[in-house]
Amino acid sequence: MTSIILLSVFGIINLFLGFLRSNKILLPAAMVILAIVFGANLYDWNAAPESYFSNMLTIDRYSVAFTGIVVLTTLLLIPFSQKYVRDGQENLAEYYSLLLFSLVGAIMMVSYDNLLMLFVGIEILSVSMYVLAGTDKRNVRSNEAALKYFLMGSFATGILLFGIALVYGATGTFQLTQINAGIVNPANATLQPMLYIGMLLMFIGISFKVSAAPFHYWTPDVYEGTPTFFTAFMSTVVKTAGFAAFFKLLMAAFFAAKGFWIPTIMAITVLTLLIGNVGAVAQNSVKRMLAYSSISHAGYLFIALVAVNGKLSVNALFFYSLAYSVATIAAFAVLKLVSDQRQREDYAGFNGLAKTNPLLAFVMTVAMLSLAGIPLTGGFFGKFFTFGAAIDRGYIGLIVFAVLMSMVSIYYYLRPIIAMYMQPAEDDNAEPIVVGAFQSVVLVVLAVFTLVLGILPGLFSEVFK
């Protein structure tokens, strides 16, 4: 609860900092705020679980762990907004405040115990992202992205809310544990079809938020049109919060009906893996490739949900979310730096990068290898733990398919590496990409963190014991 209060208060204060008409104070202020929130969140790790708002929201180790991921991800991402500060971007204080408010929604999504609180959290996060997607007013693609995201997100929200209403109608409660008890001992068995329809509608609504197929169609266009900085936030924080919320919904509210929803989630998993990986192969834009990559990783995260394997599943979900977020931030950070200077987002824009900017090439290589699941990176153990949880439940066929899709992903993740190390720059006199000293430090931290996750996975693989 401390994190929510701090982010809300600091978000409002940050709005008033905009009156100073000096963007230079906003970036360090945002980083200090996030560092304080991250520390306050860690302080709650050993505290006893505590409920708020009539048991609608609970702060426990689960919420603290996933809150830590979303806050840390934002903290590592913020330095790459430096160009907005340097260029004198208008309304920068509002953008930072919207990021802080969106984090409030993300924290509510990982801490809810009531479906109404889940809905409020999703909407706080979503509305902020609708605005941030269209912040580049001079770019038609950004305006298009914001409109598409808003319209399709509104439909998904309506579907989700309709599902919540049907679940409430069938069980008479919004509380997760009481919904599960109502499934075990239904007060009126004739309402069971209403419950199952409500569950399906809720799955559709949340699947849209995490870019799962077949509700992913907005993702490539919105990711491509949204400014890269906010795309990175969207592909990490939104996805982590979405899957943490989805996992809690299935385990706490609908566990008794797992015989109904496991086949549904498994079908979504297979379709998401197939569309995400095959779609990424066909892309010539690195940004669109990362959009389809985000879809494919939603499929791998779904495997942890399908496994329904207690601590194995939740630990796998946590580790995968952490490894994916760190690698994705690194990839988008390098892409932003390259596209800002070279004014292109295709693979050719990375040609010869190893010669002009060895650090950027190294960080991008580590990020691509981690996303591909290559050993000695965090992504490898993320998939290892996730696949292990599913194999323990006997889902051998699903894991074989996931491994085949991982093999497909190696092709498109190697393309930027080949461009950086094996292709000459299109301009022999190409100047190095300008990277700030602090940005360089953060890039090194991201690369090292990814390697630490791959070399010493035990540090983060058993957070929930």
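Per an unreviewed UniProt entry, the protein chain goes by the name NADH-quinone oxidoreductase subunit N and belongs to Hymenobacter lucidus. Per UniProt, the comment on the protein chain under Catalytic activity (unreviewed entry) is "a quinone + NADH + 5 H(+)(in) = a quinol + NAD(+) + 4 H(+)(out)". Taken from UniProt, the Subunit (unreviewed entry) comment for the protein chain reads in full: "NDH-1 is composed of 14 different subunits. Subunits NuoA, H, J, K, L, M, N constitute the membrane sector of the complex."

**With respect to the UniProt feature "domain: NADH:quinone oxidoreductase/Mrp antiporter transmembrane" (unreviewed entry) in the protein chain**
The UniProt entry lists residues 113–407 under the feature "domain: NADH:quinone oxidoreductase/Mrp antiporter transmembrane" (unreviewed entry), expressed in the numbering used here. Helix makes up 80% of residues 113–407 and strand 0%, whereas the separation of the span's terminal C-alpha atoms amounts to 39 Å.

**Re helix 19 (residues 437–455)**
With 19 residues, helix 19 extends 27 Å from end C-alpha to end C-alpha; this agrees with the ideal 27 Å at 1.5 Å per step. Among the residues of helix 19, Gln 439, Ser 440, Val 442, Leu 443, Leu 446, Ala 447, Phe 449, Thr 450, Leu 453 and Gly 454 are the ones counted as buried.

**Comments concerning the packing of helix 16 (residues 358–372) against helix 19**
It is the contact of helix 16 with helix 19, at a shortest axis distance of 10 Å, that shows an interaxial angle of 30 degrees. It follows from the interaxial angle that helix 16 and helix 19 lie roughly parallel. In this structure, the crossing between helix 16 and helix 19 has a hand that is left-handed. Between helix 16 and helix 19, the contacting residues are Leu 359, Leu 360, Phe 362, Val 363, Val 366 and Ser 370 on the first element and Ser 440, Leu 443, Val 444, Ala 447, Thr 450 and Leu 451 on the second. Class assignment of the residues belonging to the contact of helix 16 with helix 19 gives a composition of nine nonpolar, three polar and no charged.

**Remarks on the environment of Glu 426**
Locating Glu 426 in the fold gives a position in the loop between helix 18 (396–422) and helix 19. Looking at Glu 426, the relative accessible area reads 55%, which means it is exposed. Leaving out residues up to four positions away in the same chain, Glu 426 has contacts with Arg 344, Ala 348 and Asn 351.

**Examining unusual backbone geometry**
Here the residue pair Ala 213 and Pro 214 is connected by a cis peptide bond, since its omega of 0 degrees sits within 30 degrees of zero. Relative to the helices and strands, Pro 214 is located in the loop between helix 9 (192–209) and helix 10 (219–225). One non-glycine residue with positive phi stands out, namely Ser 54, at about 55 degrees. By relative accessible area, Ser 54 is classed as exposed at 67%. In this structure, Ser 211 is a non-glycine residue whose phi angle is positive, near 65 degrees. Relative to the helices and strands, Ser 211 is located in the loop between helix 9 and helix 10.

**Some points on the packing of aromatic side chains**
Overall, the coordinates contain 28 aromatic pairs when judged by the stated rule. Relative to Phe 174, the ring of Tyr 168 lies with its centre 4.3 Å away and its plane at 15 degrees, an arrangement referred to as stacked. Classification of Tyr 168 as partly exposed rests on a relative accessible area of 37%. Between the aromatic rings of Trp 218 and Tyr 223, the centroid separation amounts to 6.2 Å while the plane-to-plane angle is 65 degrees, which identifies the pairing as edge-to-face. Cluster of aromatic residues (ring-pair linked, three or more members): Tyr 130, Tyr 149, Phe 150, Phe 208, Trp 218 and Tyr 223. Positioned over the ring face of Tyr 112 is Lys 248, at 5.6 Å from the centre of the ring. Over the ring of Tyr 300 we find Lys 383; its NZ or CZ atom is 4.4 Å from the centre of that ring.

**A few points about the nonpolar core**
Within the largest apolar cluster, 169 residues are counted, with the highest numbers of intra-cluster contacts made by Phe 254, Trp 261 and Phe 350. It is helix 14 (residues 310–342) that contributes the most residues to this core, 19 residues altogether.

**Quick look at a nonpolar patch on the surface**
A contiguous nonpolar patch, built from Leu 359, Phe 362, Ile 410, Leu 414, Ile 418, Tyr 421, Met 422, Val 444 and Val 448 and spanning about 760 Å² of accessible area, is present on the exposed surface. Mapped onto the nonpolar patch, the elements with two or more residues apiece are helix 16, helix 18 and helix 19. If one sorts the elements of the nonpolar patch by residue count, helix 18 sits on top with five residues. Among the secondary structure elements, Met 422 is positioned in helix 18. According to the relative accessible area criterion, Met 422 is exposed, its value standing at 65%.

The rules behind each value
- Each chain carries its own residue numbering, running from 1 in the direction its sequence is written.
- Since the coordinates come from a predicted model, pLDDT governs what is reported: local features require at least 70, and pairs of side-chain atoms require 80 or more to be given and counted, while whole-chain, interface and lining totals use all residues.
- Hydrogen atoms and water are omitted, and side-chain values are computed over all heavy atoms in the structure.
- UniProt positions are given in the numbering used here, feature names are shortened, and annotations may be inferred rather than shown by experiment.
- In DSSP terms, a helix is any run of H or I states spanning at least four residues, a strand is any run of E spanning at least two, and both are numbered starting from the N terminus.
- In this analysis, the expected span of each helix is defined as 1.5 Å times one less than the number of residues it contains.
- Buried residues are those whose accessible area, probed at 1.4 Å on protein chains only, stays under 20% of the maximum for their type, while exposed residues exceed 50% and partly exposed ones sit between those limits.
- Fitted lines through C-alpha atoms serve as axes, helices being fitted only where they are in contact, and the angles separating the N-to-C directions of these axes extend from 0 to 180 degrees.
- Here the angle decides the label: under 35 degrees means roughly parallel, over 145 means roughly antiparallel, 65 to 115 means roughly perpendicular, and every other value means oblique.
- Left-handed describes a crossing whose near helix is turned anticlockwise from the far helix through less than a right angle; right-handed describes the clockwise counterpart.
- Any two residues whose heavy atoms approach within 4.5 Å are treated as being in contact.
- Residues are grouped as follows: Ala, Val, Leu, Ile, Met, Phe, Trp, Tyr, Cys and Pro are nonpolar; Asp, Glu, Lys and Arg are charged; all remaining types, including Gly, are polar.
- For Phe, Tyr and Trp, where Trp contributes only its six-membered ring, two rings pair if their centres lie within 6.5 Å, and the inter-plane angle classes them as stacked under 30 degrees, edge-to-face over 60, or tilted in between.
- Any Lys NZ or Arg CZ that is within 6 Å of a ring centre and within 35 degrees of that ring's normal is treated as a charge sitting over the ring.
- The term nonpolar core refers to a set of buried residues drawn from Ala, Val, Leu, Ile, Met, Phe, Trp, Tyr and Cys, joined through side-chain atoms within 4.5 Å.
- Candidates for patches are residues over 30% relative accessible area with no salt bridge; among them, like charges are joined within 9 Å and nonpolar side chains (Val, Leu, Ile, Met, Phe, Trp, Tyr) within 5 Å.
- The method behind every accessible area is Shrake-Rupley, applied with a 1.4 Å probe, and residues are considered shielded solely by the protein chains displayed.
- Just to be clear on terms, a salt bridge is a Lys or Arg side-chain nitrogen sitting within 4 Å of an Asp or Glu carboxyl oxygen.

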